[in-house]
Amino acid sequence: NEIIEHLRVEHELSHISFSTWIQPLKVYNVVDNTVYLLVDKAASVDYIEKKYSLPLKVCIAEITGIEYEVVFLSEDDERIEELKKMSSASTDKRKTKTAAEKAGLNPRYTFDTFIVGNNNNFAHAASLAVAESPGEVYNPLFLYGGVGLGKTHLMHSIAHFILDFSPKKKVVYVTSETFTNELIHALKNGRESSMSDFREKYRNTDVLLIDDIQFLIGKESTQEEFFHTFNHLHTAGKQIIISSDRPPKDIETLEARLRTRFEWGLIADMSAPDYETRMAILQKKIELEHLEIYHIPDDVLQYIAQNVKNNIRELEGSLNKLIALYRLEGNGRPIDINLAAEAMKDILSPDDNKTVTPELIMDIVSDHFGVSIADLKSNKRPAEIAVPRQIVMYLCRKMTDVPLKSIGILLGGKNHSTIKHGVEKIEHDVEENEQLANTIDIIKKKINPV
Ligand code: ADP
Ligand code: MG
């Protein structure tokens with residue numbers, strides 16, 4: 001409509017020709033870069049095309065900033081059938097894509113990219129069975145295992161699989177942190193509608209995946225709400241998938257009634273991968289990320305696989321770091337065991353590093369918010385970066401004895417007063433902001449698991 005109005009004003013069409021030719025046009029569809037316009041009288045298509053297609057194109061480009069082709073169709077045009085097919089196919093595709101995006105799924109976490117080894121074959125088989133018949137086999141499915149062993153990867157794989165095969169199914173994936181923060185938000189809002197929106201989201205779904213349930217603790221109201229959500233879904237035969245770093249019986253703060261419910265379905269553990277599986281994961285990563293060009297020698301891969309045993313994220317991290325070092329050195333040093341050893345020296349292994357250091361805090365905060373270490377050290381101002389940076393300051397202050405000055409150095413050379421300000425800012429905000437308090441609580445538990 002805006003375009004049509006624009007055409008009338010800019011191109012000074014007479015009132016008559018405007019109302020005869022332009023006004024009756026209807027946008028039939030927009031596919032890729034083409035606008036299809038429906039002309040009511042078949043006989044006038046040729047005339048309109050000659051006279052108005054250029055001005056229309058110009059107007060559309062002026063208004064939308066995109067150059068579109070303009071095609072005029074009469075109602076009996078045979079292209080209409082074709083268009084119908086095309087547009088339904090393309091909206092279908094778009095729907096699944098946004099469904100996976102909307103559900104917050106990582107496109108790389110699928111069954112295709114998941115290596116099955118003796119450490120996870122049971123969890124993998126159970127996940128696949130659940131993905132194939134949600135709500136019908138194991139309900140709930142409870143996956144547990146240590147950090148970096150593939151729980152989140154498997155959960156996303158299930159969600160992708162279900163959405164790929166039944167795009168109409170409602171799939172909700174959240175971490176227990178998000179669940180809690182959304183509940184806090186709904187409760188605080190005080191309006192009836194915000195609580196019913198919350199329930200609508202979590203109860204009106206075919207598949208609910210809750211990641212890292214061990215953090216759903218302490219808060220009674222959260223457990224209470226989750227208990228009702230669980231019952232509601234379970235009774236309706238909807239699939240529930242839960243992950244945790246330990247089995248239900250070991251989550252002390254979990255209410256007994258929830259614990260028993262978690263034991264109703266199937267509990268599958270994920271343990272550390274053996275050497276062969278670690279090698280297979282490294283090779284898969286090389287294939288997926290097209291790293292063959294670096295011709296990493298076998299003995300280097302073997303060296304990494306031999307030394308990083310308990311955490312697949314660190315296994316991948318070592319490979320990334322190796323390549324980053326190699327590229328940084330500008331081909332001066334070959335990719336060999338020495339370079340690998342250097343790449344791996346920062347990888348913190350939880351076994352021999354029980355003390356909380358500012359580096360550990362920074363790593364965990366970076367991972368939690370998906371903000372790079374470089375951004376944490378930078379001076380960037382957007383809240384998505386500044387808040388995690390202040391949380392680092394705050395946690396270093398609370399959890400270590402390191403002086404403010406050293407925290408400043410660690411964070412890319414910030415002065416004492418910046419750090420002090422950051423610490424005080426968070427101290428103040430946690431008092432007022434329950435969601436922030438919950439998030440910080442969870443990060444603390446990640447730093448210092450009990
Ligand atoms: P968790 O949720 O258990 O902490 P993640 O699912 O986040 O662990 O896995 C950590 C990293 O390791 C991810 O990048 C993931 O893709 C990778 N990973 C874990 N298990 C496997 C596997 N079996 N095959 C391939 N990659 C894996
Ligand atoms: Mg995870």
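Note that the coordinates shown come from a computational prediction; the quantities given were computed from them, not determined experimentally.

Engineer: Would you mind going over the pattern of salt bridges with me for this structure?
Structural biologist: Any two side chains of opposite charge can pair, so long as their charged atoms come close to each other. Evaluated as defined, the whole model comprises 16 salt bridges. Ionic pairing is found between E225 and R203, a salt bridge with its closest N-O pair at 3.1 Å. Of this pair, E225 sits in helix α9 (residues 220-235) while R203 sits in helix α8 (residues 192-203), placing them 22 residues apart in sequence. As far as the burial class goes, E225 and R203 line up, both buried. For the salt bridge of E424 with K420, the shortest nitrogen-to-oxygen distance reads 3.5 Å. Of this pair, E424 and K420 both sit in helix α19 (residues 416-432), four residues apart, which is roughly one turn of that helix.

Engineer: How should I be thinking about α8 in this particular structure?
Structural biologist: Because an α-helix packs 3.6 residues into every turn, residues spaced three or four apart end up facing the same way. For α8, spanning twelve residues, the distance from its first C-alpha to its last is 16 Å, which sits close to the expected 16 Å at 1.5 Å a residue. Residues of α8 that are buried include every one of S194, M195, F198, Y202 and R203, and no others. In a view along the axis of α8, the buried residues occupy a sector of 150°, so they form one face of it. Away from the buried face of α8 by more than 90 degrees, exposed residues E192 and D197 are located. Buried residues belonging to α8 abut β5 (171-175), α7 (176-189), β6 (207-211) and α9.

Engineer: Just to check I follow, could you spell out the site of ligand 1 for this structure?
Structural biologist: Lining the immediate surroundings of ligand 1 are 17 residues, of which I115, G148, T152, H153 and E316 lie closest. For ligand 1, whose free accessible area comes to 560 Å², the fraction covered by protein is 94%. Residue classes in the shell around ligand 1 are distributed as seven nonpolar, seven polar and three charged.

Engineer: So what exactly am I meant to see when it comes to empty space enclosed by the protein here?
Structural biologist: Rolled over the atoms, a probe with the dimensions of a water molecule shows which regions are left empty. As enumerated under the stated definition, the model contains one cavity of 30 Å³ or more in all. Estimates place the volume of the largest cavity at around 50 Å³. Around the largest cavity, the lining residues are T20, W21, P24, L25, V39, D40, K41, S44 and I48. For the lining of the largest cavity, a count of residues per class yields five nonpolar, two polar and two charged.

Engineer: What am I meant to see in the UniProt feature "binding site: ATP" (unreviewed entry) in the protein chain here?
Structural biologist: Under the feature "binding site: ATP" (unreviewed entry), the UniProt entry names G148, G150, K151 and T152. Judged by its relative accessible area of 13%, G148 falls in the buried class. Dropping the residues within four chain positions of it, G148 is found in contact with N311, I312 and R313. Its place among the elements puts G150 in the loop between β4 (141-145) and α6 (151-165). Take G150: its relative accessible area is 18%, and that puts it in the buried class. Sequence-distant contacts of G150, that is, excluding residues within four places in its chain, are made with F114 and M270.

Engineer: I would appreciate a short explanation of α6 in the present structure.
Structural biologist: Helix length check: α6, at 15 residues, gives a terminal C-alpha distance of 22 Å against a target of 21 Å (1.5 Å per residue), a fit within 8%. By the criterion of burial, α6 is predominantly enclosed, with twelve of the 15 residues buried. The complete set of buried residues in α6 reads K151, H153, L154, M155, H156, S157, I158, A159, H160, F161, I162 and L163.

Engineer: Any chance you could explain the side chain of K285 here in plain terms?
Structural biologist: Topologically, K285 is positioned in helix α11 (residues 275-288). Beyond its immediate stretch of four places on either side in the chain, K285 contacts L291, E316, L319 and N320.

Engineer: What should I look at first to understand the sheet that holds strand β8 (residues 266-270) in this one?
Structural biologist: In a beta sheet, neighbouring strands are held together by backbone hydrogen bonds and run either parallel or antiparallel to one another. Taken in spatial order, the five strands make up an open sheet running β5-β6-β7-β4-β8, and their pairing is parallel. Two strands bound the open sheet, and with one partner strand each, they are β5 and β8. Sheet twist, expressed as the mean angle between neighbouring strand axes with direction ignored, is 15°. Taken together, the five bridges between β4 and β8 define a ladder with parallel strand orientation. Bridge pairing in β8 places F142 opposite I267. Packing of α9 onto the sheet brings it into contact with β6 and β7 (239-244), and relative to β7 it is tilted by some 140°.

Reading the values: the criteria
Residues numbered from 1 in each chain as written. Chains lettered and ligands numbered in written order. Predicted model: local features only at pLDDT ≥ 70, side-chain atom pairs only at ≥ 80, totals over all residues. Heavy atoms only, no water. Salt bridge = Lys/Arg side-chain N within 4 Å of Asp/Glu carboxyl O. Helix = DSSP H or I, 4+ residues; strand = E, 2+ residues; numbered from the N terminus. Buried < 20%, exposed > 50% of the residue type's maximum accessible area, 1.4 Å probe, protein only. Expected span 1.5 Å × (residues − 1). Arc of directions from axis to C-beta. Contact = heavy atoms within 4.5 Å. Near = heavy atom within 4 Å. Areas by Shrake-Rupley, 256 points an atom, 1.4 Å probe, with all protein chains shown as cover. Nonpolar A, V, L, I, M, F, W, Y, C, P; charged D, E, K, R; others polar. 1 Å grid on protein atoms, 1.4 Å probe; cavity = no way out; pocket = protein on both sides within 12 Å on 5 of 7 lines; lining within 4 Å. Points joined across faces, edges and corners; volume = space filled by probe spheres on them. UniProt positions renumbered as here; feature names shortened; annotations may be inferred. Pairing = 2+ DSSP bridges. Axes fitted to C-alpha atoms, helices over the stretch in contact; angles between N-to-C directions.

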